[in-house]
Structure formats: C-alpha cells, structure tokens
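So you can see what is in the structure, the chains are spelled out below.
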Amino acid sequence: MAKITPNIILLGAQGSGKSTQALLLAKKFDYEWIITGSLVRKAIKKNDANSKIIKKYVDKGKLVPNKIIFKNIYEPHLKKINKSKGIIFDGMPRNLSQMKTFHKLLDKLEIQRPILLYIEIPDDIVYKRILSRKICPKCDRAYKPGDKSYEKNTCKVCNKKLESRTDDKDKSALTQRLSIFHKDTKKIINHYKKNGLLLKIDGTPSVEEVNKNILKKLENFKK
Ligand code: AMP
C-alpha cells in the first residue's frame, strides 16, 4: 500500500474531474472518500421527512442548508468512517461559513484538518462536460461521451443503467451551481492558500496526466 498522505479536500467546479481523481487517490492510498453530493442524493432516496426539503434545494442547484447537511447527513456519516485511514473530502466545504463548521466538526471528532487540492477548469469546459455526462444511480460513477460504458449506457462496475442527473440536464441549475462555486467556494481556496495548504492543478489535460500531476504535487508537499 502506498504511504498515507494528509487528509485532502478535493475542490473543483462541476465536471472538473474531481471525483475521477478522488477515486484514483482513494484506491492508491486506501483513503476513505466522502462524496457530499452522493450523501445528499442518498438522503433524498430515503423518502423521510427531510427528503422532500433536501430535493427542493438540489433540483434548483442550491446548497442544502447547513443545519440539515451537518446534523442529518455529514456528522452521522463522519462518525461511522474508519478514522485510521486518510480521508478525501469531496464537495465539502462549499463556503466560508460551512468551512468554519466543518473545521469545528473535524476538531470535535479528532480528525486531522485537511489540505486543499484544487482542480481548475474553465467554465466552457464545465458546460460541455456536465450537460452530456451520465452517472450510475448506484455508485455515482460519472461517464462521458466516448467512454465504452457511456455508449452501452451501463455502469461498468454495477451493471446499472446510466442516468442523467436532473440538476445536470438543467442549464439554469448548472449556472446556479457554477455561480455558487465562483462566488463562495473560491473564498475557501484563498483561505487555504494563505495558510500554505493549497495545491492547484490544471484539470484540462487527460485523466492520467492530471493524476500524475496530483501525485507529483502531493509528493513535493510532503517534503
Ligand atoms: P454535487 O454532486 O457535488 O454537484 O452536489 C449536488 C447537490 O448536492 C448540490 O447542488 C447541493 O444541492 C447538494 N450539496 C452537495 N454538497 C453540499 C454541501 N457541502 N452543502 C450543501 N449542499 C450540498
């Protein structure tokens, strides 16, 4: 097994390839990988009292309120994970207020605060990638046109029929998600930069190339 590196927040606009890279890192370093968007979608599928409320936010491309996300979704999940492993935080935090709550929660659960890995891509690529992507409803893996599984419309791992996410198909929801990213999420990047905890990666090359660059940056960071 490769040596454990620090806990990592993986940040990037929709379609930056962060989940693909998270999967590669999780495998290589045997990390726990927490995908906030997946937890949210699972919470919707539960069909309980909160599900309808959560769905309303997701369908509009808005963030689920902090009270719901931390108390009902994030904290219960964090308590269950294997803390002896490194953790990749995907989709959390998304703004400065969420970052403060997130840091407090990590401190409370005695989980090491992470570094931030930011995968940068321009907006025109975001639209191109997201409006056409499909995901597996079971494992959340994303596929793009040209992938064998995309053309077969079947997940290569779960064998499930692929779907388009409602918030991906809707251009205005996507614009809303992107504007949240530019307005709020980027402030988190500045915070980590100020503290010397930012690794920035160009997300436009191939998956393999981006992965190579991430590993190089992580390696240099440890030195
Ligand atoms: P994603 O799969 O990361 O694009 O997230 C899908 C949706 O889940 C978002 O548009 C939000 O509605 C919700 N969501 C994901 N992460 C968070 C978060 N950290 N805080 C609040 N809502 C979130």
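Going by the structure above, here's the rest.
Cut-offs and rules
Residues numbered from 1 in each chain as written. Predicted model: local features only at pLDDT ≥ 70, side-chain atom pairs only at ≥ 80, totals over all residues. Heavy atoms only, no water. Near = heavy atom within 4 Å. Polar contact = N/O pair within 3.5 Å; in protein donor to acceptor, adjacent residues only side chain to side chain. Areas by Shrake-Rupley, 256 points an atom, 1.4 Å probe, with all protein chains shown as cover. Helix = DSSP H or I, 4+ residues; strand = E, 2+ residues; numbered from the N terminus. Nonpolar A, V, L, I, M, F, W, Y, C, P; charged D, E, K, R; others polar. Axes fitted to C-alpha atoms, helices over the stretch in contact; angles between N-to-C directions. Left-handed = near helix turned anticlockwise from the far one by under 90°. Contact = heavy atoms within 4.5 Å. Pairing = 2+ DSSP bridges.

Among the 16 residues in the neighbourhood of the ligand, the closest are listed as Lys62, Val64, Gly91, Arg94 and Gln98. A distance of 3.0 Å separates a nitrogen atom of the ligand from a polar backbone atom of valine 64. In this structure, a nitrogen atom belonging to the ligand sits 2.9 Å away from a side-chain N or O atom of glutamine 98. Against a free-state accessible area of 480 Å², the protein chains account for coverage of 96% of the ligand. Considering each element in turn, the shell around the ligand owes the most residues, four residues, to helix H2 (residues 36–45). Its residues placed into classes, the shell around the ligand shows six nonpolar, four polar and six charged.

When two helices pack together, their arrangement is captured by the angle between the axes and the distance separating the axes. One way to put it is that H2 packs onto helix H4 (residues 66–80) with a least axis distance of 11 Å and a crossing angle of 115°. Judged by the twist between their axes, the crossing of H2 over H4 is right-handed. Counted together, Thr36, Leu39, Val40 and Ala43 of H2 and Ile69, Ile73, Tyr74 and His77 of H4 form the full contact between these two elements. Partitioning the contact of H2 with H4 into residue classes produces six nonpolar, two polar and no charged.

If you trace the five strands from one edge of the open sheet to the other, you get S2-S3-S1-S4-S7, paired in parallel fashion. At either end of the open sheet lies a strand with only one pairing partner, and these are strand S2 (32–35) and strand S7 (198–202). Put simply, the sheet's adjacent strands are angled 20° from each other on average, direction ignored. In this sheet, strand S4 (residues 115–120) lies alongside strand S1 (residues 8–12) in parallel orientation, the contact comprising five bridges. Across the sheet, isoleucine 9 pairs through a bridge with leucine 116, a residue of S4. The strands touched by helix H9 (residues 171–194) within the sheet are S1, S4 and S7, with S4 carrying the most contacts at an inclination of about 135°.

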